[in-house]
Amino acid sequence: NIMTMKISDKTNSILAKFFVRELDEFNDIASKIKEGKWFRFHGNVKYDDFAKDLVFMVRNLESIQPKVDVMSDDAEIKRVELHAHTMMSTMDSVV
């Protein structure tokens, strides 16, 4: 049984494959993995001929507590940054 998933640390993502021999083990892992949960994966990255891309081959995984970064803005005068894209955005070095 092959479990294929896309994993991300909110900075980068990769396709991961996890091979499981027993169907009971596969069902147990599949029931624990939900979107938004945090896990620590152990394995190797290698080129997969089937996916035609680099794939993270998972050996084992463990559930961990999520890292929650709470940002607070304590400034008395708030700062606003504006950014706009126009039709000229892609034209670099236009005099």
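Calculation notes
- Residues numbered from 1 in each chain as written.
- Predicted model: local features only at pLDDT ≥ 70, side-chain atom pairs only at ≥ 80, totals over all residues.
- Heavy atoms only, no water.
- Pairing = 2+ DSSP bridges.
- Helix = DSSP H or I, 4+ residues; strand = E, 2+ residues; numbered from the N terminus.
- Axes fitted to C-alpha atoms, helices over the stretch in contact; angles between N-to-C directions.
- Contact = heavy atoms within 4.5 Å.
- Salt bridge = Lys/Arg side-chain N within 4 Å of Asp/Glu carboxyl O.
- pLDDT = per-residue confidence, 0-100.
- Buried < 20%, exposed > 50% of the residue type's maximum accessible area, 1.4 Å probe, protein only.
- Patch = residues over 30% accessible without salt bridge, like charges linked within 9 Å, V, L, I, M, F, W, Y side chains within 5 Å.
- Areas by Shrake-Rupley, 256 points an atom, 1.4 Å probe, with all protein chains shown as cover.

Description of the sheet that holds strand S1 (residues 2–8)
Item 1. Judged by pairing direction, the sheet is mixed, and its 4 strands sit side by side in the order S1-S2-S4-S3 without closing on themselves. With one partner strand each, in any of the chains shown, S1 and strand S3 (39–48) form the two edges of the open sheet. For this sheet, the mean inter-axis angle between neighbouring strands, taken without regard to orientation, is 35 degrees.
Item 2. Against the sheet, helix H1 (residues 23–32) engages S1, strand S2 (13–19), S3 and strand S4 (53–63), with an angle of about 25 degrees to S1.

Regarding the pattern of salt bridges
Item 1. Scanning the entire structure with this criterion turns up 5 salt bridges.
Item 2. Taking the shortest distance from any N to any O, the salt bridge between Asp48 and Lys17 comes out at 2.5 Å. Of this pair, Asp48 sits in strand S3 while Lys17 sits in strand S2; the two residues are 31 residues apart in sequence, bridging distant segments of the chain.
Item 3. Salt-bridge contacts for Asp28 lead to Lys32; the nearest nitrogen and oxygen are separated by 3.6 Å. Residue Asp28 and its partner Lys32 are both found in helix H1; the two are separated by 4 residues, about one turn of the helix.

Comments concerning the confidence of the model for the protein chain
Item 1. Averaged over all residues, the pLDDT of the protein chain equals 84, while 93% of them reach at least 70.
Item 2. In the model of the protein chain, H1 stands out as the element of lowest mean pLDDT, 86, in contrast to S3, which has the highest, 92.

Considering unusual backbone geometry
Item 1. A positive phi angle, near 55 degrees, is found at Lys52, a position not held by glycine.
Item 2. Secondary-structure assignment places Lys52 in the loop between S3 and S4.
Item 3. On the basis of relative accessibility, which here comes to 60%, the residue Lys52 falls in the exposed class.

Observations regarding a nonpolar patch on the surface
Item 1. The grouping of Val45, Tyr47 and Leu54 at the surface amounts to a nonpolar patch, some 300 Å² of accessible area in total.
Item 2. Take Tyr47: its relative accessible area is 47%, and that puts it in the partly exposed class.

Considering the side chain of Lys17
Item 1. Overall, Lys17 belongs to the buried group, its relative accessible area being 10%.
Item 2. Leave out the neighbours within four places in its chain, and Lys17 touches Met3, Thr4, Asp48, Phe50, Val55, Phe56, Met57 and Val58.

Digging into the pairing of S4
Item 1. One ladder, built from 4 bridges, connects S2 with S4; its direction is parallel. Residue pairing across strands places Lys17 opposite Met57, the latter belonging to S4.
Item 2. Relative to S4, S3 is paired through 10 bridges, and the arrangement is antiparallel. By the bridge assignment for S4, Asn44 is matched with Met57.
Item 3. What sits between the antiparallel neighbours S3 and S4 is a turn of 4 residues, in which Lys52 has the positive phi angle 55 degrees.

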